[in-house]
Amino acid sequence: YERVKKSNFGVVIGYYSQKDIIKRPTPLYTDDLLTDLIKLTGYTATRLLRIAEELYSEGYISYPRTETNKYPKNFNFSRYLGVVLKSPIGGEIANKIHNTALPRNGRKDDGAHLPIYPVNSYRKENSIKWKVWEYIARRFVANAFCDDAYALKQRLEIKIEPLTFSCMGLKIIKPGFLEIFPYFSPKERIIPEGKVGERVKIISVGLRKEKTKPPPRYSEFELLRELEKNGIGTDATRATYPKIIIERKYAERVKGVFKPTKLGRAIIDALEMVEKRLVTPETRRYVEKLMKQVEEGKIDLKTAFKVSKAEYRELFELSLIHISEPTRPLYISY
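Keep in mind that this is a model prediction, so the values were computed, not measured.

### What to know about the pattern of salt bridges
So, step 1. Scanning the entire structure with this criterion turns up 23 salt bridges.
So, step 2. A salt bridge links R65 to E53, with the nearest nitrogen and oxygen atoms 2.5 Å apart. Of this pair, R65 sits in the loop between helix 3 (45-57) and helix 4 (77-85) while E53 is found in helix 3, placing the two residues twelve residues apart along the sequence.
So, step 3. For R65, a relative accessible area of 18% puts it in the buried group.

Okay, structure coming up:
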């Protein structure tokens, strides 16, 4: 620090840039809808889902409880594009989209429902219902009628003896879908193109000391993502879990994140003593897999039930052993 502080100039030793694609969003399903709108509006998942269901019952959007993020081949995109073009945002987006639908499909298909899309135009107003509808409409158009965006990633390296410093930059070179779907757009941080050997003036030098911090606590949208990733709940139930955690006083919401209460910590400590497969997503995920195999016709229901019953019987018997021999280790991996 002292050596660098005495320097007046640095020397550019490298400049690198790379074109990078920013893919447009996939068709909308329930978990994406809720996690995005929690961040955008600050509303809870249960309230947002209730608003989406109101929009559905009033005929403005498709069914909002779905785990599908791909469209069937015969989907009528032009019909629902017309719905958006007739809405208050139609004039803004009309000249920024393709006439032909080329959706970027995901891989999820629950076999029961389509992705979430606008069904009828909604009036513009200063309300949460308008914000929810607008998000759904913009995502639908961005997915099916827009190009991907492109950015230029930059890296500049400067030598100030005896150290090398670097900084990163980002420049949007083709906005694509970001023009009509600006939510969560990457922030531009454009840095100049440095030439190797070029001298740059040092304006200031600072020394900052910090301490290692624990991982941040979960916000509601992060909790929902973890539930989805671990196969806990369904599109119809996941939104209620954060509310239940608060209502049962296992945690409290502090500045937008979940902080465990004394009761919550006591439950966690108690569950640490239980056979792990009873309190982690493993067994639930295993049973869900069996149910999926039944749905696909790979095994029959009777066999799936028999296998599941045997699995839980083993866990039950291990728990009985633990009651009489609490020091005996219980964890058995699959």
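### Focus on the sheet that holds strand 2 (residues 149-160)
So, step 1. The strand order across the open sheet formed by four strands is 3-2-1-4, and the pairing between neighbours is antiparallel. With partners counted over all chains shown, the strands left at the sheet margins are strand 3 (163-174) and strand 4 (199-201), one partner each. Pairs of neighbouring strands in the sheet enclose a mean axial angle of 40 degrees, with direction left out of account.
So, step 2. Where strand 2 lies against strand 3, eleven bridges are found, and the strand directions are antiparallel. Bridge assignment links Q154 to a residue of strand 3, and that residue is G169.

Definitions and cut-offs
- Residues numbered from 1 in each chain as written.
- Predicted model: local features only at pLDDT ≥ 70, side-chain atom pairs only at ≥ 80, totals over all residues.
- Heavy atoms only, no water.
- Salt bridge = Lys/Arg side-chain N within 4 Å of Asp/Glu carboxyl O.
- Helix = DSSP H or I, 4+ residues; strand = E, 2+ residues; numbered from the N terminus.
- Buried < 20%, exposed > 50% of the residue type's maximum accessible area, 1.4 Å probe, protein only.
- Pairing = 2+ DSSP bridges.
- Axes fitted to C-alpha atoms, helices over the stretch in contact; angles between N-to-C directions.

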